Amino acid sequence: MAPNPLTEFEIDQNSGIPTWIQVKNRLSYLIGSGAYVEGDQLPTVRSLAIDLDISYNTVNRAYQDLEREGYISTRRGRGTFVAQRKECGADRATSSPIELVIDDMIRACTHEGLDDDDIIAMVGARLEHRKYL
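Residues numbered from 1 in each chain as written. Predicted model: local features only at pLDDT ≥ 70, side-chain atom pairs only at ≥ 80, totals over all residues. Heavy atoms only, no water.

**Some remarks on unusual backbone geometry**
The phi torsion of most residues other than glycine is negative, and most of the peptide bonds are trans. Backbone geometry at Asp-53 places phi at a positive 55 degrees, although glycine is not the residue there. Relative to the elements of secondary structure, Asp-53 occurs in the loop between helix H2 (45-52) and helix H3 (56-68). (Helix = DSSP H or I, 4+ residues; strand = E, 2+ residues; numbered from the N terminus.)

**Quick word on a nonpolar patch on the surface**
Residues Ile-98, Ile-102 and Ile-106 make up a contiguous nonpolar surface patch of about 260 Å² in total accessible area. When you line up the elements, Ile-98 lands in helix H5 (residues 97-111). Its relative accessible area of 57% is what places Ile-98 among the exposed residues. (Patch = residues over 30% accessible without salt bridge, like charges linked within 9 Å, V, L, I, M, F, W, Y side chains within 5 Å. Areas by Shrake-Rupley, 256 points an atom, 1.4 Å probe, with all protein chains shown as cover. Salt bridge = Lys/Arg side-chain N within 4 Å of Asp/Glu carboxyl O. Buried < 20%, exposed > 50% of the residue type's maximum accessible area, 1.4 Å probe, protein only.)

**Section: the nonpolar core**
Judged by nonpolar contacts, the single largest core of 21 residues is most densely connected at Val-23, Leu-27, Tyr-36, Leu-48 and Tyr-63. Broken down by secondary-structure element, the contributors of at least two residues to this core are helix H1 (19-33), H2 and H3. In contact with Tyr-63, other than residues within four places in its own chain, are Leu-27, Leu-42, Pro-43, Thr-44, Val-45, Leu-48, Ile-72 and Thr-80. (Core = buried A, V, L, I, M, F, W, Y, C linked by side-chain atoms within 4.5 Å. Contact = heavy atoms within 4.5 Å.)

**Details of the pairing of strand S2 (residues 79-82)**
Neither face of S2 is exposed, since Gly-79 and Phe-81 on one face and Thr-80 and Val-82 on the opposite face are all buried. Sheet topology places strand S1 (residues 72-75) next to S2; four bridges connect them, and they run antiparallel. Across the sheet, residue Thr-74 finds its bridge partner in S2, namely Thr-80. Where S1 folds back on S2, the antiparallel hairpin that results is connected by three residues, among which Gly-77 adopts a positive phi of roughly 80 degrees. (Pairing = 2+ DSSP bridges.)

Structure below.
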C-alpha cells in the first residue's frame with residue numbers, strides 16, 4: 001500500500017486562513033502535484049476529520065468545494081476519488097505545484113469577493129509583514 005500523502009499535513013491554527021481552505025488547498029496541491037492521481041481514493045470525510053482533529057463539517061466543506069471545482073468526485077457508498085481533469089490540458093499539465101497553490105488562493109479570494117487589486121494588495125501586505133517576522 002502506498003503511503004498516505006496527507007500524513008505530514010497539519011492545520012496551522014495561527015495562519016489566519018480558514019481551516020477548510022487549508023484542507024482544500026492541501027488536497028488540490030496534492031492532486032496537482034501528482035501525489036494523488038486520477039482514480040485514487042481519498043480518505044473519508046470522517047477519517048480525515050479525525051486524523052486532523054477538526055470538525056467533520058470543515059472537511060465536508062473542503063470536499064464539496066473540490067468537487068464543485070472538478071478535482072474530486074464522490075460515488076455514493078463507494079467513496080471519494082480524484083476526478084479526471086478534462087480542463088487539465090497543456091496549461092494545467094505544465095503548472096508547477098506552487099502555481100497550483102497560487103491558482104487556488106486566487107480562486108478562494110475571488111470566492112470571498114476580492115477583486116484583482118485587493119488580492120495584489122493583500123499579497124503585498126503579507127510579504128511586507130513577513131519582513132518583520
